[in-house]
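# Reading the structure
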Amino acid sequence: QYAARLRGLVLVGASPAPDLSAAISSQRQVVMGRLPQQFSPEFFSPATAPTVMREFFTAYVTTDPRVRLTDLEAAHGYDGAPACRAITIPTLVVAGADDRIAPPDQGALMAQAIKGARLEIIAAAGHAAPLEQAAAFNAALATFAEGLP
C-alpha cells in the first residue's frame, strides 16, 4: 500500500510463521506476577560478551511485560508468506548466524519469498544481531542503502 513512499525494506531477525506458544505461556506468568522478568541467553550467540547481554536485558526489563505479551500474541501464528510475496521493493533480510528465536533458515525462507531480496547472515550474532555485532550489521545496512535506487 505504501511502496511508493519506500526505497527499501530491512527485515531483521524475522520469521515468516513464528511459533511463539512457549514464549507466550512464560510471558503470561510474568504478567500475572507468578514469575520475575525472564532473562534468556537464547537471545544471543555464545560469542556475545556479557556486557552486551546486560545492556540488552537492562532495556528489556524497562518494557512493561504486558507490551511484550501483546507483541508475542500478535505475531504468534501469523503467516507472513503471502505478505512476503507481495513485497516489490528492494529488501535486505538480516539473520544472526546463531539466532535460536528466528534461525537463519527462517530468514532464508523470507528472502526466498520476496522477489529480489538479499539475505545477510551476521556471524557470531543471535537474535540481537544489531547490538551483538553492530559493526557488521551497520556495514550490511550501509551496503544495502548505497545500492538503493
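Cut-off values and rules
Sequence positions are assigned chain by chain, starting from 1 and proceeding in written order. Totals for whole chains, interfaces and linings use all residues, but because this is a predicted model, local features are given only for residues with pLDDT of at least 70 and pairs of side-chain atoms are given and counted only at 80 or more. Just so you know, side-chain values use all the structure's heavy atoms and leave hydrogens and water out. For this document, the term salt bridge refers to a Lys or Arg side-chain nitrogen within 4 Å of an Asp or Glu carboxyl oxygen. Each residue's exposure class comes from its accessible area (1.4 Å probe, protein chains only) as a fraction of the maximum for that residue type: buried when under 20%, exposed when over 50%, partly exposed otherwise. Secondary structure follows DSSP: runs of H or I at least 4 residues long count as helices, runs of E at least 2 residues long count as strands, and numbering of each begins at the N terminus. In this analysis, two residues are considered to be in contact whenever any of their non-hydrogen atoms come within 4.5 Å of each other. Two N or O atoms form a polar contact when they lie within 3.5 Å of each other; inside protein one atom must be a possible hydrogen donor and the other a possible acceptor, and for residues adjacent in sequence the pair counts only when both atoms belong to side chains. In this description, a line fitted to the C-alpha atoms serves as the axis of each element, helices being fitted only across the stretch in contact, and the angle between N-to-C directions of two axes falls anywhere from 0 to 180 degrees. Roughly parallel means an angle under 35 degrees; roughly antiparallel means over 145; roughly perpendicular covers 65 to 115; every other angle is labelled oblique. Take the far helix as the reference: if the near one is turned anticlockwise from it by less than a right angle, the crossing is left-handed, and if turned clockwise, right-handed. Side-chain classes follow a simple rule in which Ala, Val, Leu, Ile, Met, Phe, Trp, Tyr, Cys and Pro form the nonpolar group, Asp, Glu, Lys and Arg form the charged group, and the remainder, Gly included, forms the polar group.

Let us now look at the pattern of salt bridges. This model, assessed by the stated rule, comprises 3 salt bridges. In this structure, E120 engages R118 in a salt bridge whose closest nitrogen and oxygen atoms are separated by 2.8 Å. Accessibility expressed as a relative area gives 24% for E120, which makes it partly exposed.

Let us look at the side chain of Q106. Within the secondary structure, Q106 is located in helix α5 (residues 104-113). Once residues within four sequence positions are removed from consideration, Q106 is found in contact with A14, S15 and P16.

Within the element layout of this structure, S45 appears in the loop between α1 (21-31) and α2 (50-60). Its relative accessible area of 1% is what places S45 among the buried residues. Polar side-chain contacts of S45 include one of 2.6 Å to the side chain of D98. With sequence-adjacent residues up to four places away left out, S45 is seen in contact with M53, D98, A124, A125, G126 and E132.

Time to look at the packing of α1 against helix α3 (residues 65-75). Relative orientation of the contacting elements α1 and α3 amounts to 155°, with a least axis distance of 9 Å. The angle between α1 and α3 falls in the class roughly antiparallel. In the packing of α1 onto α3, the handedness of the crossing is left-handed. Between α1 and α3, the contacting residues are A23, I24, Q27, R28, V30 and V31 on the first element and P65, R66, R68, L69, L72 and E73 on the second. Across the contact of α1 with α3, the residue classes tally to 7 nonpolar, 1 polar and 4 charged.

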